[in-house]
Amino acid sequence: MYKTDNGAGPQIGPAYRLPEDGPLPDLALYERLIADGIAEADSRGTIVDHLTARRLAIWLAARPQESVYAHGLVRFIETGAVHSHLKAELRKHARSGNFPDQPQAARLLRYCNNRGTELGPIGENFAAVCDQIDRADVKLTQFHDRVRHGRVHPQQAWPETDGPRILALARRDPETQTVSLVLDATTANIAMFAIAAHADEREAHVREVERSGQHLPEGSYGRRNRQAIAVRETRVAARLRAVEQAYRTAIERGTAAKPKEPTRTVRSPELQADRQIDLEAEP
């Protein structure tokens, strides 16, 4: 068993510190990644995967914990190995309502129990591989956030060389509650790209929520909540698609309305000569 400093009782171990050799998520972002992993597992009716379990352990280890608990969590984070003392601590936290991390401990305990007797290290580079995936997920999540809040710069959303001068004007009519935008073509293309990407994300969220809700009891709060979320996200996606469709329609009409060059009739030299003779013969 892990020893304490004086042998009289468990000591409070220092909070786990994330490695500093790369842009790993902060704890708030870890919570989002954990929630995504749990939702994916619930939608498939399975236990969370190794990556989500490790993220749960990082979140738990970042909080002040008893020494035995903290050491077990850090060992799992670094190697993937599950010590018997870690399972005992997780069981204690999961079965008591006195711990604020009870839901997270319960979820991680289910993962540990599901591993059965295979509790040893997971590969030689478990921590390094997981850290690499975490960094990639950070970049992807941050990009989605920028798209969601309209902070994607043109060079990130739509690569371009030197283009025309930026034109972006807006006018709001308080009586009709409408807003009119005037954009140059390049800026409009970039804006529509961002709108379409945001609509894709909303529609994917609808599908994810609907899948997770199917496994919940009919009439339960969780299922009603997911249905409400799906309805809201569907409305937002419909508005985004309406903007995209209006833009495409305007572009297609502009192309169709472009005047065609007059068609010239090519005549043979013989016909032109005959026409000249006819004109000379007229009185």
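In the block above lies the structure referred to throughout.
Residues numbered from 1 in each chain as written. Predicted model: local features only at pLDDT ≥ 70, side-chain atom pairs only at ≥ 80, totals over all residues. Heavy atoms only, no water.

A. Seen up close, the side chain of Ser 43. Its place among the elements puts Ser 43 in helix α1 (residues 27–44). A distance of 2.6 Å separates a polar atom in the side chain of Ser 43 from the backbone oxygen of Glu 40. When near neighbours in sequence (up to four residues on either side) are disregarded, Ser 43 contacts Arg 211, Ser 212 and His 215. (Helix = DSSP H or I, 4+ residues; strand = E, 2+ residues; numbered from the N terminus. Polar contact = N/O pair within 3.5 Å; in protein donor to acceptor, adjacent residues only side chain to side chain. Contact = heavy atoms within 4.5 Å.)

B. Looking closely at the pattern of salt bridges. All chains considered together, the criterion is met by 14 salt bridges. As a salt-bridge pair, Arg 55 and Asp 134 come within 2.7 Å of each other at their nearest N and O atoms. With a gap of 79 residues between them, Arg 55 in helix α2 (residues 50–61) and Asp 134 in helix α6 (residues 126–148) connect regions that are remote in the sequence. For Arg 55, a relative accessible area of 5% corresponds to the buried category. Notably, a salt bridge pairs Arg 223 with Glu 218, separated by 3.2 Å at the nearest N-O pair. A single salt-bridge network, built from bridges that share partners, covers Asp 200, Glu 203, Arg 241, Glu 244 and Arg 248. (Salt bridge = Lys/Arg side-chain N within 4 Å of Asp/Glu carboxyl O. Buried < 20%, exposed > 50% of the residue type's maximum accessible area, 1.4 Å probe, protein only.)

C. Representation of helix α4 (residues 84–94) in the model. Those residues of α4 lying buried are His 85, Leu 86, Lys 87, Glu 89, Leu 90, His 93 and Ala 94. Next to the buried residues of α4 lie α2, β2 (65–66), α3 (67–79) and α5 (102–114).

D. Region of the structure containing the nonpolar core. Ranked by size, the top nonpolar core spans 25 residues in total, and within it Leu 73, Phe 76, Leu 90 and Leu 108 carry the most contacts. Take this core: its biggest share by element is 7 residues, from α2. Setting aside residues no more than four positions away along its own chain, Phe 76 makes contact with Ala 53, Arg 54, Ala 57, Ala 81, Val 82, Leu 86, Leu 108, Tyr 111, Arg 115 and Phe 126. (Core = buried A, V, L, I, M, F, W, Y, C linked by side-chain atoms within 4.5 Å.)

E. The environment of Pro 121, seen in detail. Mapped onto the fold, Pro 121 is located in the loop between α5 and α6. In this structure Pro 121 comes out as exposed when scored by relative accessible area, which is 60%. The spatial distance from the C-alpha of Pro 121 to the C-alpha of Arg 75 is 9.3 Å, given a sequence separation of 46 residues.

F. Quick peek at the packing of aromatic side chains. Applying the stated criterion across every chain yields a total of 2 aromatic pairs. Following the ring pairs from residue to residue traces out a cluster consisting of Phe 76, Tyr 111 and Phe 126. In this structure, Arg 54 is placed above the aromatic ring of Phe 126, and the distance from its NZ or CZ to the ring centre is 5.9 Å. (Phe/Tyr/Trp six-rings, centres within 6.5 Å; stacked < 30°, edge-to-face > 60°. Lys NZ or Arg CZ within 6 Å of the ring centre and 35° of its normal.)

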